[in-house]
Amino acid sequence: MSKIRTAITPTREENFPEWYQSVVKGADMAENAPVRGCMVIKPWGYALWEKMQKVLNKRFKETGHENAYFPLLIPLSFMVKEAEHVEGFAKECAVVTHHKLESDGKGGLVPAGKLEEPYVIRPTSEMIIGDSFSKWVQSYRDLPIKINQWANIMRWEKRTRLFLRTSEFLWQEGHTAHSTEQEAKEETFQMLAIYKEFMEGYLAMPVLDGEKTPEEKFPGAESTYTVEAFMQSKKALQAGTSHYMGQNFAKSCDIKFSNKDGDLEHAYTTSWGVSTRMIGGLIMTHSDDDGLVLPPMIAPKQVVIIPFLGKDTDDAVLDACHVLKKQIEKLEYNGEKIEVVLDASDKNAGTKGWDWVRKGIPLRITLGAKDLENGTFVLNRRDKAANEKAFISLKDGFADFPAILEEMQSNIFDKALSFRDENIKEVASLDELKAMFANDDAGFVLCYADPEVNEDREKLLKELKATARCIPFAFNKGNAEGECIFSGKKTSTKIVYARAY
């Protein structure tokens, strides 16, 4: 039996990591930079990030947050104010120690002008934003402060992979300060809910939301909440987090306010963020062996029109394509005009078609002289086989596009949800857990487990190459008690374990 030809090699089944890199390359999304562990995000990949920014930025502002910007360089003395925080990031910090270059006399350059105090290139901004908050807050009337920053981050990663884990990446980080514990906790859960709504509604990426176990929480936080996505490799991906800081960072940064009784209190703070890692999650959740698959609600463009050109028919076909483009652009999907690109580049139509398959554009239209004579165009959908096509009326067939795009969005989500749910397995003993992780396709493994930190448990999980992903809300509603599979103690807590990126 001959092998089925695919646009991406190797296939997911043959080599998932290499398949992933091939999808990124085939969609022309990003490439490795000359700087170790960094990436160049190319226009199609960056357009996807811009679309994510646009949607999230709107939601942030609707919930009372304002955008601001803070320095890339953080004084080392700021970092050491919060011991647990700096310990959590110390091994990943890139540090600036000099402020100029001088000639070495041999045609090269060497660092000169040693700084009095080194600067850390931001691995996260709690400490420097906390310094500003300490200046902005005097009274309870100054609270809450709700700030978001779109920025780049530097963490000196050992093993990198485009979008998923790079030394420099793009993200948003929200930081808020409140006068009460209750208000800060409400903020923490509100932002987690926004992330979940965005990932499931726009990225069509099902997530488990829940609380991180103590050993997995953000350094310095009181509690960390997460949205965990499930990849086709049956590994987890932490897609976003929201942290309740309590008063820890307020005490470190001296964020105090005078309450209604005139007494000084430390504020209650939160932080929350998502990054370009979402693009990696999107790729691994939906894409196939022909390339990227984009849910219509997040695709930079929803439709591409590809003309079949011949010497005697170029003008008529191109004119028809331009008319069709304008007609489709008048239609609305998800409250915005449908975005269309006309690919009139000097390539043959077949090559262009496969280029756009690899880019994951939801709808592909091809139109040639014979189609024009028949009053039709050819339509291909990215949620169906590449060779599956329909002949649509040029006159008014495009009017169904909003409904088609809505159907595609639902289909893509439902497919990912079914795959995720089929791969959540509950175990009742340590032997069952070990048996699950004896294979590479364990998936999400759910069990009763005491969430307290236990060194023996962590050693075992390290051997199994698994981690506690979260205490999922969905599986911890009114639980009867069970036995912790590690200690045998009674507990009402269920934890999801998985291998992860």
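Our subject is the structure listed above.
Residues numbered from 1 in each chain as written. Predicted model: local features only at pLDDT ≥ 70, side-chain atom pairs only at ≥ 80, totals over all residues. Heavy atoms only, no water.

Colleague: I would appreciate a short explanation of the sheet that holds strand β3 (residues 66–67) in the present structure.
Modeller: Either a parallel or an antiparallel arrangement is found when strands of a sheet pair, and the pairing is made through backbone hydrogen bonds. Read from one edge to the other, the open sheet built from eleven strands follows the order β3-β7-β8-β14-β11-β10-β9-β24-β27-β23-β22, with strand pairing classed as mixed. Of all the strands in the sheet, the pair left with one neighbour each is β3 and β22 (424–426). The strands touched by helix α8 (residues 277–286) are β10 (223–230), β11 (236–246) and β14 (268–275); relative to β11, the strand with the most contacts, the crossing angle is about 145 degrees. (Pairing = 2+ DSSP bridges. Helix = DSSP H or I, 4+ residues; strand = E, 2+ residues; numbered from the N terminus. Contact = heavy atoms within 4.5 Å. Axes fitted to C-alpha atoms, helices over the stretch in contact; angles between N-to-C directions.)

Colleague: Explain the pairing of strand β23 (residues 444–448) to me, please; I cannot follow it from the model alone.
Modeller: The side chains of a regular strand alternate between both faces of the sheet. With respect to burial, β23 is a largely interior element, five of its five residues being buried. Burial of β23 is two-sided: the residues Phe444, Leu446 and Tyr448 facing one way and the residues Val445 and Cys447 facing the other way are all buried. Strand direction decides the pairing type here: β22 and β23, joined by three bridges, are parallel. The partner of Ile424 across the bridge, within β23, is Phe444. You can see the chain leave β22, run along helix α13 (residues 430–436) and come back into β23, and the turn it takes is right-handed. By the bridge criterion, four bridges tie β23 to strand β27 (residues 494–498) in an arrangement that is antiparallel. Bridge pairing in β27 places Tyr448 opposite Lys494. (Buried < 20%, exposed > 50% of the residue type's maximum accessible area, 1.4 Å probe, protein only. Right-handed = clockwise from strand over helix to strand, strands pointing away.)

Colleague: Please explain the pattern of salt bridges as it appears in this structure.
Modeller: Oppositely charged side chains can form a pair if their charged atoms are brought close together. Summed over all chains, the structure comprises 29 salt bridges. Of the charged contacts in the structure, one is a salt bridge between Arg59 and Glu62, with a shortest N-O distance of 3.0 Å. Taken together, the residues span about one helical turn, with Arg59 and Glu62 both in helix α2 (residues 43–62) at a distance of three residues. A residue is classified by how much of its surface remains accessible, and Glu62, at 47% relative accessible area, is partly exposed. (Salt bridge = Lys/Arg side-chain N within 4 Å of Asp/Glu carboxyl O.)

Colleague: Can you walk me through the nonpolar core in this structure?
Modeller: Membership of the largest hydrophobic core comes to 54 residues, with the highest contact counts inside it found for Met29, Met52, Phe163 and Met199. Those residues in contact with Phe163, other than ones at most four positions away along the chain, are Tyr20, Val24, Met29, Ala30, Met39, Ile41, Thr276, Arg277, Ile279, Gly280 and Ile283. (Core = buried A, V, L, I, M, F, W, Y, C linked by side-chain atoms within 4.5 Å.)

Colleague: Sorry if this is basic, but what is going on with the packing of α2 against α8 here?
Modeller: Working note: a packed helix pair is described by the angle between its axes plus the distance between those axes. It is the contact of α2 with α8, at a shortest axis distance of 10 Å, that shows an interaxial angle of 110 degrees. By the criterion of interaxial angle, the relationship of α2 to α8 is roughly perpendicular. Residues Gly45, Leu48, Trp49, Met52 and Leu56 of α2 pack against Met278, Ile279 and Leu282 of α8. Of the residues that constitute the contact of α2 with α8, the class distribution is seven nonpolar, one polar and no charged. (Parallel < 35°, antiparallel > 145°, perpendicular 65-115°, else oblique. Nonpolar A, V, L, I, M, F, W, Y, C, P; charged D, E, K, R; others polar.)

Colleague: Explain the sheet that holds strand β5 (residues 94–103) here, please?
Modeller: Pairing within the open sheet is antiparallel, and its three strands lie in the order β4-β6-β5. If you trace the sheet from one side to the other, it starts and ends with β4 (73–75) and β5, each paired once. Averaged over all pairs of adjacent strands, the angle between strand axes in this sheet comes to 45 degrees, irrespective of strand direction. Where β5 and strand β6 (residues 109–121) come together, eight bridges link them in antiparallel fashion. The partner of Ala94 across the bridge, within β6, is Ile121.

Colleague: Can you help me understand the state of the cysteines in this one?
Modeller: By definition, a disulfide links the sulfur atoms of two cysteine residues through a covalent bond. Within the structure shown, the criterion is met by zero disulfides. Its sulfur unpaired, Cys93 is 15 Å from the next cysteine sulfur, which belongs to Cys38. Cys470 takes part in no disulfide bond, and the closest cysteine sulfur to it belongs to Cys447, at a distance of 12 Å. (Disulfide = S-S within 2.5 Å.)

Colleague: Would you mind going over the pairing of β27 with me for this structure?
Modeller: Counting buried residues along β27, five of its five residues qualify, which places the element largely inside the surrounding structure. Neither face of β27 is open: one carries Lys494, Val496 and Ala498, the other Ile495 and Tyr497, and all of them are buried. As judged from the three bridges shared by strand β24 (residues 467–472) and β27, these two strands associate in the antiparallel manner. By the bridge assignment, Thr467 is partnered in β27 with Ala498.

Colleague: Got a minute to help me understand helix α5 (residues 126–136) in this structure?
Modeller: A turn of α-helix holds 3.6 residues, and therefore any two residues three or four places apart point the same way. Of all eleven residues making up α5, eight are buried, and the element is well covered by its neighbours. Within α5 the residues assigned to the buried category are Glu126, Met127, Ile128, Ile129, Gly130, Asp131, Ser132 and Phe133.

Colleague: It is not clear to me how the side chain of Arg155 should be interpreted in this structure. Could you clarify?
Modeller: Relative to the elements of secondary structure, Arg155 occurs in the loop between β7 (145–154) and β8 (168–178). Summary of buried charges: Arg155 has no salt-bridge partner, and the nearest side chain of opposite charge, Glu92, is 4.4 Å away. If sequence neighbours within four positions are ignored, Arg155 has contacts with Phe89, Glu92, Pro123, Thr124, Thr166, Ser167, Phe169 and Trp171. (Lys, Arg positive; Asp, Glu negative; His and termini not counted.)

Colleague: Explain the environment of Ala386 here, please?
Modeller: By secondary structure assignment, the location of Ala386 is in the loop between β20 (376–381) and β21 (389–393). When its relative accessible area of 22% is taken as the criterion, Ala386 is described as partly exposed. When near neighbours in sequence (up to four residues on either side) are disregarded, Ala386 contacts Asp290, Trp354, Arg364 and Asn380.

Colleague: Explain the packing of aromatic side chains to me, please; I cannot follow it from the model alone.
Modeller: Each aromatic ring pair is characterised by the separation of its centres together with the angle its planes make. Throughout the structure, instances matching the rule amount to 17 aromatic pairs. A ring pair is formed by Trp44 and Trp356, whose centres lie 5.7 Å apart and whose planes are at 80 degrees; its orientation type is edge-to-face. With Trp44 in helix α2 and Trp356 in helix α10 (residues 349–359), this pair connects stretches of sequence that are 312 residues apart. Where Phe377 meets Phe401, the ring centres are 6.2 Å apart and the plane angle is 85 degrees; that geometry is what we call edge-to-face. Placement of the pair is Phe377 in strand β20 and Phe401 in helix α12 (residues 401–422), with a sequence separation of 24 residues. Here Phe377 matches Phe401 in class, with each residue buried. Connected via pairs of aromatic rings, a cluster forms that spans Trp49, Phe60, Trp150 and Trp272. The ring centre of Phe78 lies 4.4 Å from the NZ or CZ of Lys81, which sits over that ring. A cation sits over an aromatic face here: Lys359 above Trp356, 5.7 Å from the ring centre. (Phe/Tyr/Trp six-rings, centres within 6.5 Å; stacked < 30°, edge-to-face > 60°. Lys NZ or Arg CZ within 6 Å of the ring centre and 35° of its normal.)

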